[in-house]
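A structural walkthrough
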Amino acid sequence: MIINFVFKRMTMPAKKYYVVWRGLKPGVYDSWKECEAQIRGVEGAVYKSFPGPEEAKQAYAGNWKDYISRKAPRPKVSNPRVGNPVLDSISVDAACSGNPGKLE
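Presented here is an overview of the structure given in this document.

Next up on the list: the overall build of the protein. From N to C terminus, the protein includes three helices and five strands. Taking the contacts inside the protein whose residues are at least 6 apart along the sequence as the reference set, 44% of them involve residues at least 24 apart. Within the structure as shown, the protein displays about 9,600 Å² of accessible surface, and the carbon and sulfur contribution to it stands at 56%.

What follows deals with the environment of cysteine 35. Note that cysteine 35 resides in helix H2 (residues 32-39). C-alpha separation for the pair cysteine 35 and lysine 48, spaced 13 residues apart in sequence, amounts to 9.4 Å. Residues contacting cysteine 35, with those up to four places away along its chain left out, are Tyr18, Val20, Tyr29 and Tyr47.

Topologically, glutamine 38 is positioned in helix H2. Using a relative accessible area of 15% as the deciding quantity, one classes glutamine 38 as buried.

About the cut-offs
Residues numbered from 1 in each chain as written. Predicted model: local features only at pLDDT ≥ 70, side-chain atom pairs only at ≥ 80, totals over all residues. Heavy atoms only, no water. Helix = DSSP H or I, 4+ residues; strand = E, 2+ residues; numbered from the N terminus. Contact = heavy atoms within 4.5 Å. Areas by Shrake-Rupley, 256 points an atom, 1.4 Å probe, with all protein chains shown as cover. Buried < 20%, exposed > 50% of the residue type's maximum accessible area, 1.4 Å probe, protein only.

Here it is, written out as structure tokens:
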């Protein structure tokens, strides 16, 4: 029985709480379905999930900017250790049958 309990505990998704700062009806919601109903189709909707009701209530009482960060896109950086790709080349993926075995 304990194994069954542990298995269920491991497979059940954690309960989330949702804060809607900008939407049809701002507030704290305990299901994604309710949250989604408040933000769907609302341009500029601001919302976020939280692991517990207290965190969600505290966030709702505060400024949304303290909880949501808009990350700037990272510039693409090449790896200097690798160098430039050889464009006139062929790449293959080989496999063998067994270990060790014949190369296919």
